[in-house]
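# Fold and contact review
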Amino acid sequence: MSNSSLLERRKAAVAGGVANATPLFIEKAKNAEVWDADGKRYLDFAQGIAVNNTGHAHPKVQAAAKAQIDNFSHTAFQVSMYEPYIELAEKINAIVPIRDAQSVFFSTGAEAVENAVKIARTATGRPGVITFRGAFHGRSALTSTMTGKIAPYRAGAGLGAAAVYHAPFPIPHHGITVADAVAGLHTIFKTDIEPCDVAAIVIEPVQGEGGFYQAPKEFMQELRAICDAHGILMVCDEVQSGFARTGRMFATDYADIEPDLMTIAKAMGSGYPISGVVGKRSILEKVNPGGLGGTYGGNPVACAASLATLEVIEEEKLVERSAQLGAYMLDRLNKIKDRDDVVPIGDVRGVGMMVAFELVKERGGHTPDPDIVPKVVAAALKRGLIILSCGYFANTVRLLAPLTVPTDQLDEALDILEAALQEAAAA
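Residues numbered from 1 in each chain as written. Predicted model: local features only at pLDDT ≥ 70, side-chain atom pairs only at ≥ 80, totals over all residues. Heavy atoms only, no water.

## Some thoughts on empty space enclosed by the protein
By rolling a water-sized probe across the atoms, one finds the places where empty space is left. Taken as a whole and judged by the stated rule, the model has one cavity of 30 Å³ or more. Volume-wise, the largest cavity comes out at about 30 Å³. What lines the largest cavity is G134, A135, F136, T147, K149, Y153, E209 and G210. Taken together, the residues of the lining of the largest cavity sort by class into three nonpolar, three polar and two charged. (1 Å grid on protein atoms, 1.4 Å probe; cavity = no way out; pocket = protein on both sides within 12 Å on 5 of 7 lines; lining within 4 Å. Points joined across faces, edges and corners; volume = space filled by probe spheres on them. Nonpolar A, V, L, I, M, F, W, Y, C, P; charged D, E, K, R; others polar.)

Below, the structure written as structure tokens:
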């Protein structure tokens, strides 16, 4: 089958509400490379949206999953337990920046966020949740409300869930300082909901879909202080930023704080669906037995893959590699930015290999140019590089190479990106 014939079948059989970033159908993948139904090779700098930090089909992860499948694939942890779930919880509890932690596992990031809110509401007896403009927490009814952007996530779906409020996120070059963001949070306390009614403040330490903006350390510490002052639980959403992507095991590690709860998913299982909530024992134990779980939550095959993923991160020193290659990518991007024959580039930013840059109207400025982004993405795809756009202003290109990408392929991808930026500028 070809891409075109499969696309016709997709149009007839699959709901249109599921969007596709490319017209490709992948038949084979290995580390940073994928091959489509037409036999064309691509460098994949999307990696399932930051899922395959260890690359496609890492041999150790695949072997662990296959070994578990040979034993059994499912029992439902709530019915009959199994050791991989316990071992994974032990390892996760040991690496998060939370003392005396416990974990519970689910299947998707949105499911983890929903359960974090449920845990916070149960533990505090309060209804309110505060998130941030530009945030992305999922597409379910609650998490799409928590997401700080209407289109496309809840456009046409009517009013969102109750008791959810959005505070400004600090982006100084777009006019919102840390002081402005803190003031905006206090304004919510004055005009929308009292602090005593807020169960949780949920924040991505690095916004994902919002544009790869990192929350400044001082802002994270101020949030921690505000939460402590009002008995609010601080929830760090590490669904996209976790597991070595940012040059630390978790992006929260940069802030020198201890969150009350963390949500984890995506790269946790290297492509096998698993997510979780990890948090302080004193908080998680307030939920009654039976209040948490799910039929597929912490599936044994996904747990085995996740355990192997943690081993790969340690053995191949992917935290350190992420920091090293991320710095190299930023250097290359800044050199490209200085060229006068490419599309104007504004802010170039990255934390480890969570790297992005903005496309703008004028050189040296920050006025977003969302119209040029699809042209750059398409030009890159034509040359064999898969990249994704994102951003509150829809003008950001994000690069999510696997942390295991060979350096020659990284250079190949950056060369393709440079050519795509030149093509879009000349069009």
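## A closer look at the pattern of salt bridges
With the rule as written, the count across this model stands at 24 salt bridges. Note that R41 is salt-bridged to E412, the shortest N-O span being 3.0 Å. Here E412 lies in helix α13 (residues 407-426) and R41 lies in strand β3 (residues 41-44), a separation of 371 residues in the sequence. Look at R41 and you get partly exposed, because its relative accessible area is 28%. For K361, the salt bridge goes to D369, with nearest N and O atoms at 3.6 Å. Three or more residues joined by partner-sharing salt bridges are found here, namely R332, R339, D341, D411, D415 and E418. (Salt bridge = Lys/Arg side-chain N within 4 Å of Asp/Glu carboxyl O. Helix = DSSP H or I, 4+ residues; strand = E, 2+ residues; numbered from the N terminus. Buried < 20%, exposed > 50% of the residue type's maximum accessible area, 1.4 Å probe, protein only.)

## Looking at the sheet that holds strand β11 (residues 345-351)
As summarised here, the arrangement of the four strands in space is β11-β12-β15-β14, forming an open sheet in which the pairing is antiparallel. Edge positions in the sheet fall to β11 and β14 (388-390), since each of these pairs with one other strand and no more. If you compare each strand with its neighbour and ignore which way they point, the axes differ by 25° on average. With three bridges joining them, β14 and strand β15 (residues 396-399) adopt antiparallel strand pairing. The residue of β15 that forms the bridge with C390 is T396. (Pairing = 2+ DSSP bridges. Axes fitted to C-alpha atoms, helices over the stretch in contact; angles between N-to-C directions.)

## Observations regarding the state of the cysteines
In total, this model carries zero disulfides according to the counting rule given. C196 carries a free sulfur, and the closest cysteine sulfur to it, the one in C227, is 14 Å from it. Using a relative accessible area of 43% as the deciding quantity, one classes C196 as partly exposed. (Disulfide = S-S within 2.5 Å.)

## Re the nonpolar core
In this structure, F45, F243, F357, L359, L399, L417 and L421 are the most contacted members of the largest nonpolar core, which totals 117 residues. For F45, the residues in contact, after removing those within four places along its chain, are L385, I386, I387, R398, L399, L400, A401, V405, L410 and A413. The next biggest cluster of nonpolar side chains, apart from the first, holds nine residues, and it includes A50, V206, F212 and A251. (Core = buried A, V, L, I, M, F, W, Y, C linked by side-chain atoms within 4.5 Å. Contact = heavy atoms within 4.5 Å.)

## Considering the pairing of strand β7 (residues 198-203)
The buried fraction of β7 is high, at six of six residues. Bridge analysis of strand β5 (residues 128-132) against β7 gives three bridges, and the strand direction is parallel. In the strand pairing of β7, V129 is matched with A200. Of the pairings in the sheet, the one linking β7 to strand β8 (residues 233-237) comprises four bridges and is parallel in character. Counted as the bridge partner of V202 is V235 from β8. Note that the unit made of β7, helix α8 (residues 217-230) and β8 has a crossover that is right-handed. (Right-handed = clockwise from strand over helix to strand, strands pointing away.)

## Details of the layout of surface pockets
Of the volumes computed, that of the largest pocket is approximately 1200 Å³. Lining the largest pocket are 35 residues, and of these A19, N20, A21, I49 and L388 sit closest to its centre. When grouped by side-chain class, the residues that make up the lining of the largest pocket number 22 nonpolar, seven polar and six charged.

## Looking at helix α10 (residues 300-315)
Over its 16 residues, α10 extends 23 Å from the first C-alpha to the last, a length consistent with the 22 Å expected when each residue adds 1.5 Å. Judged by how many residues are buried, α10 sits mostly within the fold: 13 of 16 residues are covered. Put simply, N299 is the residue that caps the front of α10, since its side-chain oxygen is 2.9 Å from the backbone nitrogen of V301. Taken from the residues just after α10, K317 is the one with a positive phi, measuring 50°. (Expected span 1.5 Å × (residues − 1). Polar contact = N/O pair within 3.5 Å; in protein donor to acceptor, adjacent residues only side chain to side chain.)

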